[in-house]
Amino acid sequence: MYQYDKFDQQMVDTRVAEFRDQVERRLAGKLTEDQFKPLRLMNGLYLQLHAYMLRVAIPYGTLSGAQMHVLADIADKYDRGYGHFTTRQNIQYNWIKLAEAPDLLEDLAKAEMHAIQTSGNCIRNISSDHFAGAAADEVADPRPYAELLRQWSSFHPEFSYLPRKFKFAVIASEEDRAAMRLHDIGIRIVKNDAGELGAAFYVGGGMGRTPMIAPLVRDFVPLDQLVTYAEACLRVYNRYGRRDNKYKARIKILVHELGKEEYTRQVEEEFALLLEQNIEPPIAELERIKMFFGDPAYDQDASSEIDRSDPDFALWVDTNTKAHKQPGYVSAVISLKPVGGIPGDATTAQMHLMGDLAARYSFDEARVTHTQNIVLPHVKISDLHALWTELDAAGLGTANLDQIGDIIACPGLDYCSLANARSIPIAQQISERFAKNGKGDTLGELKLKISGCINACGHHHAGHIGILGVDRKGVENYQLSLGGSEAEDTSLAKITGPGFDEAGIVDAVETAADVYLAAREGEERFIDTYRRIGMAPFKEALYG
Amino acid sequence: MKIITGNDLESGAVTWWNGQGWSLRVEDAADAGDSAEAILAREEAARRVNAGYIIEGEPGSDGHPRPAHVKDRIRGLGPTVRLDLTLKPGDEIAAREVI
Ligand code: HEM
Ligand code: SF4
């Protein structure tokens, strides 16, 4: 794992001290809320529906066991005993007191964490593949490149006031586990015919009110030009992005309005100029970063034998573990989606346990997934039963990865002041319904995603089944959509028709699932069947 | 009917104008009528409330003003999915009133 050098630590410590002073001045009345708000947002502190909310950055979703313990301690000391893991691979706390926020940030800084650039029109926390470094299908570990970009983008003076927020994702495999093409810039590390590594740049994706899939802008940027190319992409955006209209200010609109060819032409022109200025960090820095991401000391003789006599355990292994590049190991996914639970929430005790388990079974590493689960990336197959036993006892052993119970849900109207409708209760009811009717397993892979408003924090555009909360004359209402995907076959979901009330939307999801079950051929997943038969049969069943 | 709401600056807790001061309990909310804007301006200037705003109210089942929109009612209650964290922990009836 990456460890702060003295520059990283100094930057973070200085920011904490600065924020402490700003909070003191706000509490003493020397700053008005209008003056203070942008300052607190730069430190991840929002004022939400019920209280201050703090968003903590977890770079590319990677955490040490010790950092997980710190997150647990914070939930205990400054919040109400829990935190919410988000689709941005971050964690949010919902009940923070302003006066205590500087102490909290100081505790985070001691564990090499912060909340900088988790809000505002800057380059946000960079996300990545949650199986990075463990996946058999990657050409390289994508995280050193994400880390390089993190360092480049931290306090980047030119890009601190962009037209709008800016999100990167970096992956290094054909399979996309990070919704890469739904980011402002998605980077795929690839190998060319000569066997050299480079970066494919996809620019102008996003969700929100105008969802777009990022087009490929350059299929191979040599790695010693990675930062320079990113700089060129951002420069063109910073210059021409629509600052006049918040709803058109994301880079996706610029790329769409200019057209991919014209945008690319401008980027290449800028890139040529920048190359002459030698802004790329020395390759030695990338090499230094890479040293932190070496393989852990695997047991080369680890056995792949597994005792499957306990059917619950066998089910969990089949559902929640993924093949590892190292024989005798797997990546294990801890579901934060117990039946009827709140997707992504974890209690202090659960976080402490996950920190312990990471230390004992996964070389002290854990990952936050964009699907709001936690991964232990490097688990010995022979340790799986012991691991599962402890998880199960703590309510963390649900075997539902990528199934209908593994729902992504944003905080919605239960916590979010921008929401139109509640997301969490819908997720809870759907997960309970499918646990009760026993269709969950039969359905197989079915990705359901819920957002409480059009900002799409819950990725509803990219759900095999998506649900969007809308406000219908002051009453919560839910739009159903089908056919989205955020994997390598990225697609945007289409709305089925008129919306449903709270009870109606749960029935509607079951109806859609039944249409699939009746029409499924062979090994087809929900999304495959939908793509084959189209919207009509679903509409027919839903609206008759 | 006009209700004034905001947050306590230091704790962030949701507060309601009760006619004399600020209460944590939405049931205490008073109809501020035409004076709402003047009251809010005065209270913000004195830092007795933070990020205040005015919302529509309607008579609740007990006759007291309550927020007309479900968003503000959830704001008054707390998260409907964590009734243990609301001001009246575990009160299912209070929760049902909200929706
Ligand atoms: C509760 C406080 C939150 C606020 C105020 C908030 C606000 C927003 C807004 C305004 C947008 C739309 C941006 C645009 O289209 O330009 C957005 C997008 C998004 N948010 Fe949030 N959000 C919140 C919580 C979350 C949470 C909890 C998650 C993760 C579960 C999240 C993940 C995202 C994602 C993935 C997008 C889509 C990004 C895109 O369009 O590229 N947000 N958020
Ligand atoms: S999608 Fe809307 S309701 Fe959900 S967290 Fe984002 S802004 Fe809030």
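Residues numbered from 1 in each chain as written. Chains lettered and ligands numbered in written order. Predicted model: local features only at pLDDT ≥ 70, side-chain atom pairs only at ≥ 80, totals over all residues. Heavy atoms only, no water.

Regarding its fold elements, chain A presents 17 helices and 20 strands. Against the compact-globule benchmark of 24 Å for 544 residues, chain A has a radius of gyration of 23 Å, which places it among compact chains. Dimensions along the principal axes, computed over C-alpha positions, put chain A at roughly 60 × 60 × 60 Å. Of the contacts made within chain A by residues no fewer than 6 positions apart, 67% connect residues no fewer than 24 positions apart. Taken as a whole, chain A presents about 20,300 Å² of accessible surface, with 51% of it coming from carbon and sulfur. The centroid of the 59 positive side-chain charges in chain A is displaced by 7 Å from the centroid of its 78 negative side-chain charges. (Helix = DSSP H or I, 4+ residues; strand = E, 2+ residues; numbered from the N terminus. Rg over C-alpha atoms; globule rule 2.2 N^0.38 Å. Contact = heavy atoms within 4.5 Å. Areas by Shrake-Rupley, 256 points an atom, 1.4 Å probe, with all protein chains shown as cover. Lys, Arg positive; Asp, Glu negative; His and termini not counted. Charge placed at Lys NZ, Arg CZ, Asp CG, Glu CD.)

Residue and element names in this part refer to chain A. Once the domains are mapped, chain A shows domain 1 (6-110), domain 2 (142-289), domain 3 (311-393) and domain 4 (408-543). Distance from the C-alpha centre of domain 2 to the C-alpha centre of domain 4: 31 Å. Together, the buried faces of domain 2 and domain 4 total about 1,000 Å²; carbon and sulfur atoms form 70% of this surface. Linking domain 2 with domain 4 are 3 residue pairs in polar contact (both at pLDDT 80 or more), by the criterion used here. When its residues are assigned to classes, the side of domain 2 that touches domain 4 shows 6 nonpolar, 1 polar and 5 charged. (Domains from an automatic or database assignment. Buried area = accessible area lost by both parts, 1.4 Å probe. Polar contact = N/O pair within 3.5 Å; in protein donor to acceptor, adjacent residues only side chain to side chain. Nonpolar A, V, L, I, M, F, W, Y, C, P; charged D, E, K, R; others polar.)

Glancing now at the site of ligand 2. Taken together, C410, P411, G412, C416, L418, A419, S451, G452, C453, N455, A456 and C457 of chain A are the residues near ligand 2. For the shell around ligand 2, the per-class residue count stands at 8 nonpolar, 4 polar and no charged. (Near = heavy atom within 4 Å.)

Moving on, we get to the coordination of the iron atom of ligand 1. For a metal with four tetrahedral donors the ideal donor-metal-donor angle is 109.5 degrees, whereas six octahedral donors ideally subtend 90 or 180 degrees. One donor from the polypeptide reaches the iron atom of ligand 1: C457 of chain A (SG), at 2.1 Å. For C457 of chain A, the position within the fold is in the loop between β17 (448-451) and β18 (465-472). (Donors = N, O, S within 2.8 Å, 3.2 Å for Na, K, Ca; no water.)

Within the fold, G497 of chain A resides in the loop between β20 (494-495) and α15 (502-519). In this structure, the C-alpha to C-alpha distance between G497 of chain A and Q479 of chain A, residues 18 residues apart in sequence, is 7.5 Å.

Now for the site of ligand 1. All names here are of chain A. Lining the immediate surroundings of ligand 1 are 24 residues, of which T87, K165, M207, R250 and C457 lie closest. Here an oxygen atom of ligand 1 sits 3.4 Å away from a polar atom, N or O, in the main chain of G208. Between an oxygen atom of ligand 1 and a side-chain N or O atom of R250, the distance comes to 2.7 Å.

Many authors give the size of an interface as the accessible area that is lost as the parts come together. Taken together, the 23 residues of chain B in the interface contact 31 residues of chain A. Together chain B and chain A conceal approximately 2,200 Å² of surface at their shared face, both sides included; 59% is due to carbon and sulfur atoms. Its largest share of buried area at the contact with chain A, chain B owes to L9, K71 and V81 of chain B, together 24% of the area lost on that side. Taken together, chain B and chain A are joined by 0 salt bridges. There are 13 residue pairs in polar contact (both at pLDDT 80 or more) connecting chain B and chain A. Those elements giving two or more residues to the side of chain B that touches chain A turn out to be β4 (50-59) and α2 (70-77) of chain B. The dominant element in the side of chain B that touches chain A, judged by the number of residues it contributes, is α2 of chain B, at 4 residues. In terms of residue class, the side of chain B that touches chain A is built from 10 nonpolar, 7 polar and 6 charged. (Salt bridge = Lys/Arg side-chain N within 4 Å of Asp/Glu carboxyl O.)

What follows deals with the nonpolar core. Residues and elements named next belong to chain A. Judged by nonpolar contacts, the single largest core of 105 residues is most densely connected at L71, F85, F168 and F201. Apart from residues no more than four positions distant in its own chain, F85 is found in contact with I58, M68, L71, N90, I91, L336, G344, A346, M351, V368, Q372 and I374. Core analysis: the next-biggest nonpolar cluster, separate from the first, contains 31 residues, L443, I467, Y478 and A512 among them. (Core = buried A, V, L, I, M, F, W, Y, C linked by side-chain atoms within 4.5 Å. Buried < 20%, exposed > 50% of the residue type's maximum accessible area, 1.4 Å probe, protein only.)

All names here are of chain A. With respect to the helices and strands, the residue N90 is situated in the loop between β4 (82-85) and β5 (91-96). Assessed through its relative accessible area of 3%, N90 is described here as buried. Beyond its immediate stretch of four places on either side in the chain, N90 contacts R55, V56, A57, I58, H84, F85, N125 and V368.

Moving on to helix α11 (residues 348-361) of chain A. Residues and elements named next belong to chain A. Compared with an ideal rise of 1.5 Å per residue, which puts 14 residues at 20 Å, α11 spans 20 Å between its outermost C-alpha atoms and is within 8% of the ideal. Of all the positions in α11, only T348, Q350, M351, L353, M354, G355, L357, A358 and Y361 are classed as buried. At the exit of α11 stands F363, carrying a positive phi of roughly 50 degrees. (Expected span 1.5 Å × (residues − 1).)

Another aspect to go through is the side chain of N50 of chain B. Looking at the element boundaries, N50 of chain B is found in strand β4. Within the local environment of N50 of chain B, its side chain forms a polar contact with the side chain of Y52 of chain A, the two groups lying 3.4 Å apart. When sequence neighbours within four positions are dropped, the list of residues in contact with N50 of chain B reads R26, E33, L47 and Y52 of chain A together with G6, N7, L9 and E44 of chain B.

With that out of the way, let us pick up the pattern of salt bridges. Within the structure shown, the criterion is met by 53 salt bridges over all chains. A salt bridge links E502 of chain A to R422 of chain A; its shortest N-O distance comes to 3.0 Å. Taken together, the positions of E502 of chain A in helix α15 and R422 of chain A in the loop between β16 (408-409) and α13 (424-436) put the pair 80 residues apart, joining distant regions of the chain. E502 of chain A gets classed as partly exposed once you look at its relative accessible area, which sits at 24%. R422 of chain A gets classed as buried once you look at its relative accessible area, which sits at 5%. The partner of R42 of chain B in a salt bridge is E43 of chain B, with the nearest N and O atoms 3.1 Å apart. Judged by its relative accessible area of 44%, R42 of chain B falls in the partly exposed class. What makes E43 of chain B buried here is its relative accessible area of 3%. Ionic contacts of the salt-bridge type, sharing partners, join the residues R433, K439, D507, E510 and D514 of chain A into one network.

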